Amino acid sequence: MNSEAYGALDGKPSRKVRQRTDDDVAECVRVLAETHRTDGYPMNWPAQPGDWLSSGPLIGSWVAELDGRIVGHVNLSRGDGADAAPALWTERHGPQSATAVVSRLFVAPEARGHGIGTLLMDHVVTEARLHDLHPVLDVIASHPSAALYERLGWELLATVDRQWPNRTVQVRCYAAPS
């Protein structure tokens, strides 16, 4: 697929994306906990983080490795009504324009600066397109990852208010470039 690996010959750390296995979930939860402590993602820590990583109508889940260590994660799923971006995309492009939702994207704080977020996003976009789906996502408006999506050319569809338990949050809805 769209994975990338660099060998030690060029002096860069080896990095790749591969499908997540059940054996990876515990390490993904550890990286997610680091990300939560550093960035506050996810905003609401799930009671069962391993289950949260696999929730929804999944198409697939992938991990990024840096020198053989898991340092990132991303999911691709069919929309289940919880995200606003799929409806916004469909309003603009018609029901024949099926979407896939990019979610559960995170990169370990110590692995940042190695292009891991871009590597994961490139991979998940390729996967969505292999299924004839257009990738979309929702992100909390104040989260710094919005800068990554914009740098990658994702289109801001809208900023909307979403009701979460005990609060209203602003969410930015994005679609991958066509």
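Look up: the structure comes first, before these words.
What you are looking at is a predicted structure, and each value in this text was computed from that prediction instead of being measured.

Here is what the cut-offs are and how they apply
Residue positions are given per chain, counting from 1 as you read along its sequence in written order. At least 70 in pLDDT is required for a residue's local features to be given in this predicted model, at least 80 for side-chain atom pairs to be given and counted, and no such filter applies to totals for whole chains, interfaces and linings, which use all residues. Each side-chain value is worked out from all heavy atoms of the structure, with water and hydrogens disregarded. Helix and strand definitions follow DSSP, with helices as H or I runs of at least four residues and strands as E runs of at least two, each counted in order from the N terminus. Atoms counted for the radius of gyration: C-alpha only. Globule rule: 2.2 Å times residue count to the power 0.38. Residue burial is assigned from relative accessible area. The probe radius is 1.4 Å, only protein chains are included, and a residue is buried under 20% of its type maximum, exposed over 50%, and partly exposed in between. Think of a nonpolar core as a cluster: buried Ala, Val, Leu, Ile, Met, Phe, Trp, Tyr and Cys residues, connected wherever their side-chain atoms sit within 4.5 Å. Contacts are residue-level and defined by heavy atoms, with any inter-residue pair within 4.5 Å sufficient. The criterion for strand pairing is that DSSP finds at least two bridges linking the strands in question. Interaxial angles span 0 to 180 degrees and are taken between N-to-C directions of axes, which are lines fitted to C-alpha atoms, for helices over the stretch in contact. Geometry of aromatic contacts follows a simple scheme: Phe, Tyr and Trp rings, the Trp one being its six-membered ring, pair when their centres are within 6.5 Å, and the pair is stacked under 30 degrees between planes, edge-to-face over 60, tilted otherwise. Criterion for a charge above a ring: Arg CZ or Lys NZ at most 6 Å from the ring centre, at most 35 degrees from the ring normal.

Chemist: Mind showing me how you'd approach the overall build of the protein chain here?
Modeler: What the protein chain contains, in helices and strands, is five helices and seven strands. The C-alpha atoms of the protein chain give a radius of gyration of 16 Å, which matches the 16 Å a tight globule of 178 residues would have. The C-alpha extent of the protein chain, read off along each of the three principal axes, is 50 × 35 × 30 Å. When each of the 178 residues of the protein chain is scored for burial, the buried share is 47%.

Chemist: I'm lost on the nonpolar core in this one. Help?
Modeler: One broad trend across soluble globular proteins is that nonpolar side chains are buried collectively. Grouped together as the largest cluster of nonpolar side chains are 40 residues, with contacts concentrated most on Val102, Leu120, Met121, Leu137, Tyr149 and Trp154. At the level of elements, α1 (25-39), α2 (49-53), β2 (58-66), β3 (69-77), β4 (99-107), α4 (116-130), β5 (134-140) and α5 (146-151) are the ones that each hand at least two residues to this core. A total of seven residues in this core trace back to one element, the largest contributor, which is α4. Excluding residues within four positions of it along the chain, methionine 121 makes contact with Val102, Leu105, Leu137, Leu148, Tyr149, Leu152 and Trp154. In terms of nonpolar packing, the next biggest core, distinct from the first, is built from twelve residues, Val136, Ala158, Val169 and Ala175 among them.

Chemist: When you look at the sheet that holds β2 in this model, what are you seeing that I'm missing?
Modeler: The pairing of strands in a sheet comes from backbone hydrogen bonds and takes either a parallel or an antiparallel form. Here we have seven strands laid out as an open sheet, ordered β1-β2-β3-β4-β5-β7-β6, and mixed in their pairing. Each end of this open sheet is capped by a strand with a single partner; those strands are β1 (15-19) and β6 (155-164). Taken pair by pair, the neighbouring strands of this sheet meet at an average axis angle of 30°, ignoring direction. Where β2 meets β3, eight bridges bridge the pair, whose relative direction is antiparallel. By the bridge assignment for β3, valine 63 is matched with histidine 73. Lying over the sheet, helix α3 (residues 85-93) contacts β4, β5, β6 and β7 (167-175), oriented at roughly 135° with respect to β6.

Chemist: Is there a simple way to explain the side chain of threonine 99 in this structure?
Modeler: Among the structural elements, threonine 99 can be located in strand β4. Excluding anything up to four places from it in sequence, threonine 99 contacts Pro86, Trp89, Leu133, His134 and Val136.

Chemist: Even after reading the chapter, I still don't get the packing of aromatic side chains, so can you show me in this structure?
Modeler: Given two aromatic rings, one states the distance between the centres and the angle between the planes to describe the pair. Taken as a whole and assessed by the stated rule, the structure comprises three aromatic pairs. Considering the side-chain rings of tyrosine 149 and tyrosine 174, the 5.8 Å spacing of their centres and the 55° angle between planes classify their relative orientation as tilted. Placement of the pair is tyrosine 149 in helix α5 and tyrosine 174 in strand β7, with a sequence separation of 25 residues. In this structure, tyrosine 149 and tyrosine 174 share a single accessibility class: buried. In this structure, arginine 104 packs its charged tip against the face of tryptophan 52, placed 3.9 Å from the ring centre.

Chemist: What is the right way to look at the environment of isoleucine 59 in this model?
Modeler: Looking at the secondary structure, you find isoleucine 59 in strand β2. Taking relative accessible area as the criterion, isoleucine 59 reaches 25% and is therefore assigned partly exposed. Considering only alpha carbons, one finds isoleucine 59 and alanine 108, 49 residues apart in sequence, at a separation of 23 Å. The contact partners of isoleucine 59, leaving out residues within four places of it in the chain, are Leu76, Ser77, Arg78, Ala100, His131 and Leu133.

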